[in-house]
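Okay, here's what each chain looks like letter by letter:
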Amino acid sequence: MNTRHSEQQAAVRDSPTRRRILGVGIATLDLINTVAVYPPEDAEVRAAAQRRARGGNCANTLAVLADLGHACAWAGTLAEDAGGAFLQADLSARGIDCRQAVRVPGGISPTSYVTLSQATGSRTIVHYRDLPELDAAAFARIPLDGWHWIHFEGRNPHETGQMLARCRRALPRVPLSVELEKPRSGIESLLRGPDLLLIARGFALADGGPGVADDPRVYLTELAKRTTADILVLGWGEAGAWLLVRATAPLHLPASVPERVVDTLGAGDVLNAGMIDGLLRGASPTDALTRAIALAGLKCGRSGFDGLAAAIRRTEAGDDQGQPGPDR
Ligand code: FRU
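Below, the structure is looked at part by part. (Residues numbered from 1 in each chain as written. Predicted model: local features only at pLDDT ≥ 70, side-chain atom pairs only at ≥ 80, totals over all residues. Heavy atoms only, no water.)

1. Describing a nonpolar patch on the surface
For clarity, the cut-off: Every patch collects residues that have over 30% relative accessible area and no salt bridge, joining them within 9 Å if they carry like charges and within 5 Å if they are nonpolar side chains (Val, Leu, Ile, Met, Phe, Trp, Tyr). Accessible surface area values rest on a Shrake-Rupley calculation with a 1.4 Å probe, where residue burial reflects the displayed protein chains alone. One side-chain nitrogen of Lys or Arg within 4 Å of one carboxyl oxygen of Asp or Glu is enough to make a salt bridge. Secondary structure follows DSSP: runs of H or I at least 4 residues long count as helices, runs of E at least 2 residues long count as strands, and numbering of each begins at the N terminus. Exposure categories follow from relative accessible area, calculated using a 1.4 Å probe and restricted to protein chains: below 20% of the type maximum is buried, above 50% is exposed, and the middle band is partly exposed.
Side chains of Ile108, Tyr113, Val126 and Tyr128 sit close together on the surface and give an oily, nonpolar patch of about 400 Å² of accessible area. Here Ile108 shows up in the loop between strand E6 (102–104) and strand E7 (111–117). Ile108 gets classed as partly exposed once you look at its relative accessible area, which sits at 41%.

Now the structure itself:
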């Protein structure tokens, strides 16, 4: 981090908008090969670059929220292997508190093998995992006082449903969010309890059928009847996002597309972070989503996640277009 960035971070750290956020979900090891164009099946190609990064939806979202100045803590499972040490070091370096993470002796770090195409910025992920996920019994040991927001990845629905129910009972006024990325058995149970639903295109298409693409508004309106959430956000990549605030009509907001799409890995995780940050700062759902989309757009124009908060501040100040980040 350069001096300017550290000074900006220090300024945000002292700000009254710094909030305590607990994120529950996964951290993964991302092994990212950059290729000129996405290869055909059974091809043998050379990567132009390779990097190893912390990944995982929840961990990525927390990394951005920490960059935006919040005090974040992560609850998930961590293998006691070299990958686990790397993940812990990355999260800790960002000031993310890992004391609530559960170490799994003999576990193997979940790993994503990512092929990033320079031609399009698309990312193709082959994910391998063989690590138990955080369960409700472990979550029950986490003290619930003092959080301003609790965010869950919508996975392991049986266990996550119990965690959500505990939070709802104990913290009736603390906002809870759930990310729905993929359809999973029992995921319906996660619709009851959250205040904010962060829905990925893949989930919507699997849940509502391919017709959802024709008019996501119809799907959102139907989904709103099945959930306690008052705010629903449906991200649609290059087509922007849809927002439904209870009792109002769904709204479409266009994407913010960078001059060159460099790296879309984790753009949805950034959108989620932007939305949570905006609402925590008291922005209206529309303003929060507008800024979240801008943040996700900036992310797509740069490699990795570093420096996004500084980039959006520069963009908002009209300084520049957010300047592409370093290739980590
Ligand atoms: C991006 C990401 C990657 C990770 C994968 C897990 O959204 O979180 O960092 O490898 O998805 O599904």
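2. Some remarks on the site of the ligand
Convention followed: The cutoff for a nearby residue is simple: one of its non-hydrogen atoms must lie within 4 Å of the molecule or strand. Polar contact criterion, stated in full: a pair of N or O atoms within 3.5 Å, where within protein one must be able to donate a hydrogen and the other to accept it, and residues adjacent in sequence count only if both atoms are side-chain atoms. Cavities and pockets were defined on a 1 Å grid built over protein atoms only: a cavity is a set of grid points that admits a 1.4 Å probe from which the probe cannot escape, a pocket is an open set flanked by protein on both sides within 12 Å along at least five of seven lines, and lining residues are those with an atom within 4 Å of any such point. Cavity and pocket membership follows a simple rule, namely that a molecule belongs there if more than half of its atoms are within 2 Å of the grid points. All residues other than Ala, Val, Leu, Ile, Met, Phe, Trp, Tyr, Cys, Pro, Asp, Glu, Lys and Arg, Gly among them, are scored as polar; the first ten of these are nonpolar and the last four charged.
As a matter of local geometry, the ligand sits amid Thr28, Asp30, Gly55, Gly56, Asn57, Asn60, Ser112, Leu265, Gly266 and Asp269. Asn57 places a side-chain nitrogen or oxygen 2.6 Å from an oxygen atom of the ligand. Here the ligand has 320 Å² of accessible area as a free molecule, and 92% of this is covered by the chains. Given that more than half its atoms are within 2 Å of the pocket grid, the ligand belongs to the largest pocket. Broken down by secondary-structure element, the contributors of at least two residues to the shell around the ligand are strand E2 (28–35) and helix H2 (57–67). Taken together, the residues that form the shell around the ligand break down as 1 nonpolar, 7 polar and 2 charged.

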